[in-house]
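Each chain, written out:
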Amino acid sequence: MTAVGIDAIEVWTGNLRLDLPGTFAPQKGEDPEKYTKGLGLNASSFPDSYEDIVTMAANAAHRLMDRKGLEPDDIGRIDVATESAFDNSKPVSTYVAGCLEQVFDGDFHHANKGERKFACIAGTQSLDDAYNWIRAGRNRGRAALVIATDTALYARDDPGEATQGAGAVAMLIDEDPALVELSPEQGYGSADETDFLKPNQQFPSVDGKRSVQVYLARMREALEDYESVAGDTHPDDFAFIPFHTPFPGMVRKAALLGYRHMTRDTAIEEELADEIGRQPRPEAFDDDEAYHDALRDYMDGLKGTDPYREWYAETIEPTLSIAREVGNWYTGSVHVARASALKSAFERGTDLAGETLLLGSYGSGAQAEIHAETVREGWEEELAQLNVDEQLDSRYELAWEEYEEIHDAHNHEMDVDIEELTTPEAEFVFDGWGRMGERKYRYVE
Ligand code: COA
């Protein structure tokens, strides 16, 4: 069976930066360590006044197509995943194609375009759609462009305000991919939940604490479902486990649960038994409360053990480095985590070809998906093209008053016209409204 997976990846950040411990925390009267240590975030990326989900998506896709030497004819499908769409009918992918047609010869008139919605998991679902389209033999030798793009803004003073972010991830899905092959095996955990939603409103209604619990519950179900088709998982099986990362503190919780699950009935559990006992089993307890108390004690012990700390440092920590500097990119977040992991391996000169990643995607509402990815020969050449550090370093640093203004400028219910804080260069920009209320875009040299 020919391998199908991700051939190339590009990350595009919003051009502004908000310092969380330095600028946000003092205004909120909070300890800066709540952000750096608790949530695990140093900064959020924000869009300047001329940026939005279309410009970021088109800029990421432009860069990807340019460096891969692709023409519109090479692309048979453009799917955009977003939870920040501004139109209930016309998909963001049509706007993105329109932008790209301004800079490439040819057009996308024979490409299938769509938009995927299921909170933050929609980017992974679009990958799955592209994979299935290619596997079904309907691609006529063409590749799929999948773009996850979001402006993850919360209402001012919502607890989620600390975890905002804005950016896009573009991925080229193809046969014989250069980066990773996707596993046919997948596991799902899905239930009707009310943890985070946007019922025809721009900023989300969020039950933050509940969303954390729902994330963990669905992720556990997805892992069990994955194991039912792929066999038991073990911590040593995976070079990295990139999780959906609304904020790195969320992943700290998910990783600990995952490790406990994967080490149950293994030599690792036995090895740790002298130090923290064996894992509590429900059948040994008279009631649920006693069992859950024992589980909590076990987890508290587990997170301090050397085997767990070493595994976390190697397998999880490298997935978080970009998220710490950009915040939550919703649909792009798990794809940012994968890029972080591969980037860290590249920088350390690790030989990753043939190694496996386990991806844990999640979307509120709620659904988790687990699948595996195998790193391909030649992945280093792809990684060498990423310019994430350069992009992050060149963001404009927002003062508090500028942050307040830019948040208002992006608020659909406010009519605020502000000066750009940065000067666009070699990128698409928002260029005002058209006759039917459509958004217009222009490429700036
Ligand atoms: N030093 C170190 N850690 C600190 C700290 C300090 N001074 N102050 C707080 N913390 C820790 C807390 O203990 C907590 O960690 P824990 O959960 O491991 O105990 C973490 O920082 C966050 O603090 P908390 O008081 O829970 O923050 P909050 O009430 O402002 O809300 C969220 C946090 C995540 C609920 C909120 O940001 C939110 O609603 N986010 C949007 C929804 C979301 O992203 N959900 C995730 C699933 S998709």
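Since we're looking at a predicted model, the values are computed, not measured.

Asker: Explanation requested: the packing of helix α2 (residues 32–39) against helix α7 (residues 248–263) in the structure shown.
Answerer: Pairs of packed helices are described in terms of their axes, by the angle between the two and the distance that separates them. Contact geometry for α2 and α7: axes closest at 7 Å, N-to-C directions at 35°. Note on element contacts: α7 touches α2 through P248, G249 and R252, opposite K37, G38 and L39. Here the residues of the contact of α2 with α7 sort into two nonpolar, two polar and two charged.

Asker: Would you mind going over helix α4 (residues 92–103) with me for this structure?
Answerer: Because each turn of an α-helix spans 3.6 residues, side chains separated by three or four positions end up pointing in the same direction. The end-to-end C-alpha separation of α4 is 18 Å, in line with the 16 Å expected for 12 residues at 1.5 Å each. Buried within α4 we find V92, S93, Y95, V96, A97, C99 and L100. Buried residues along α4 sit against α3 (53–68), β4 (75–81), β5 (112–116), β6 (143–152), β14 (427–433) and β15 (439–444).

Asker: How should the nonpolar core be read in this particular structure?
Answerer: Nonpolar side chains in soluble globular proteins generally cluster together in the buried interior. Of all hydrophobic cores here, the largest spans 52 residues; its most connected members are Y215, F243, W311 and I316. Sort the elements by how many residues they give to this core and helix α6 (residues 208–230) lands first, with eight residues. Apart from the residues within four sequence positions on either side, I316 is in contact with I241, F243, V251, A255 and W311.

Asker: Explain the environment of S333 here, please?
Answerer: Tracing the backbone through its elements, the reader meets S333 in helix α12 (residues 333–348). In the structure, S333 is positioned 32 residues away from G365 in sequence and 17 Å away in space, judged by C-alpha atoms. If we skip the residues at most four places from it in the chain, S333 touches H244, T245, P246 and N328.

Asker: What am I meant to see in the site of the ligand here?
Answerer: Within the structure, the ligand sits among 19 residues, and D31, K34, K209, S211 and K253 are positioned closest to it. Note that an oxygen atom of the ligand is positioned 2.6 Å from one of the side-chain N or O atoms of K209. Separating an oxygen atom of the ligand from a side-chain N or O atom of K253 is a distance of 2.5 Å. A total of 970 Å² of accessible area belongs to the ligand in isolation, and the protein chains cover 70% of it. The set of elements that each furnish at least two residues to the shell around the ligand consists of α2, α6 and α7. At five residues, α2 tops the list of elements feeding residues into the shell around the ligand.

Asker: Looking at this structure, how should I read unusual backbone geometry?
Answerer: Leave glycine aside and you will find that most residues have negative phi; peptide bonds, for their part, are mostly trans. Cis rather than trans, the peptide bond between G365 and A366 has omega equal to 5°. Inspection of the secondary structure assignment puts A366 in the loop between β11 (356–363) and β12 (367–375). You will see that R140, though not glycine, has its phi angle at about 50°, which is positive. Tracing the chain through its elements places R140 in the loop between α5 (122–135) and β6. For R140, a relative accessible area of 67% gives the class exposed.

Asker: Is there a simple way to explain a negative patch on the surface in this structure?
Answerer: Where like charges cluster on the molecular surface, the negative patch consists of E71, D73, D74, D105 and D107. By secondary structure assignment, the location of D107 is in the loop between α4 and β5. With relative accessibility at 31%, the residue D107 sits in the partly exposed group.

Asker: Is there a simple way to think about the pairing of strand β1 (residues 4–13) in this case?
Answerer: Sheet faces and side chains relate simply in a regular strand, where the side chains alternate between the two faces. Burial analysis of β1 places 10 of its 10 residues in the buried class, which makes it a mostly covered element. The pairing of β1 with strand β7 (residues 165–175) spans nine bridges and is antiparallel. Paired with W12 across the two strands is A168, which belongs to β7. Bridge count between β1 and strand β8 (residues 180–190): two bridges; the pairing is antiparallel.

Asker: Teacher, can you tell me more about the side chain of E373 here?
Answerer: Counting through the fold element by element, E373 comes out in strand β12. Within the local environment of E373, its side chain forms a polar contact with the side chain of H371, the two groups lying 2.7 Å apart. If we ignore the near neighbours within four places in the chain, the residues touching E373 are V180, E181, L182, R338, E355, T356, L357 and L359.

Asker: Which parts of the structure should I look at to understand the sheet that holds β7?
Answerer: Overall, mixed pairing links the eight strands, which are arranged β5-β4-β6-β7-β1-β8-β12-β11 in an open sheet. Either end of the sheet is taken by a strand with one partner, and the two such strands are β5 and β11. Taking the axes of each pair of neighbouring strands and ignoring which way they run, one obtains an average angle of 25° across the sheet. Looking at chain direction, β6 and β7 are connected through nine bridges and run antiparallel.

The rules behind each value
Residues numbered from 1 in each chain as written. Predicted model: local features only at pLDDT ≥ 70, side-chain atom pairs only at ≥ 80, totals over all residues. Heavy atoms only, no water. Axes fitted to C-alpha atoms, helices over the stretch in contact; angles between N-to-C directions. Helix = DSSP H or I, 4+ residues; strand = E, 2+ residues; numbered from the N terminus. Contact = heavy atoms within 4.5 Å. Nonpolar A, V, L, I, M, F, W, Y, C, P; charged D, E, K, R; others polar. Expected span 1.5 Å × (residues − 1). Buried < 20%, exposed > 50% of the residue type's maximum accessible area, 1.4 Å probe, protein only. Core = buried A, V, L, I, M, F, W, Y, C linked by side-chain atoms within 4.5 Å. Near = heavy atom within 4 Å. Polar contact = N/O pair within 3.5 Å; in protein donor to acceptor, adjacent residues only side chain to side chain. Areas by Shrake-Rupley, 256 points an atom, 1.4 Å probe, with all protein chains shown as cover. Patch = residues over 30% accessible without salt bridge, like charges linked within 9 Å, V, L, I, M, F, W, Y side chains within 5 Å. Salt bridge = Lys/Arg side-chain N within 4 Å of Asp/Glu carboxyl O. Lys, Arg positive; Asp, Glu negative; His and termini not counted. Charge placed at Lys NZ, Arg CZ, Asp CG, Glu CD. Pairing = 2+ DSSP bridges.

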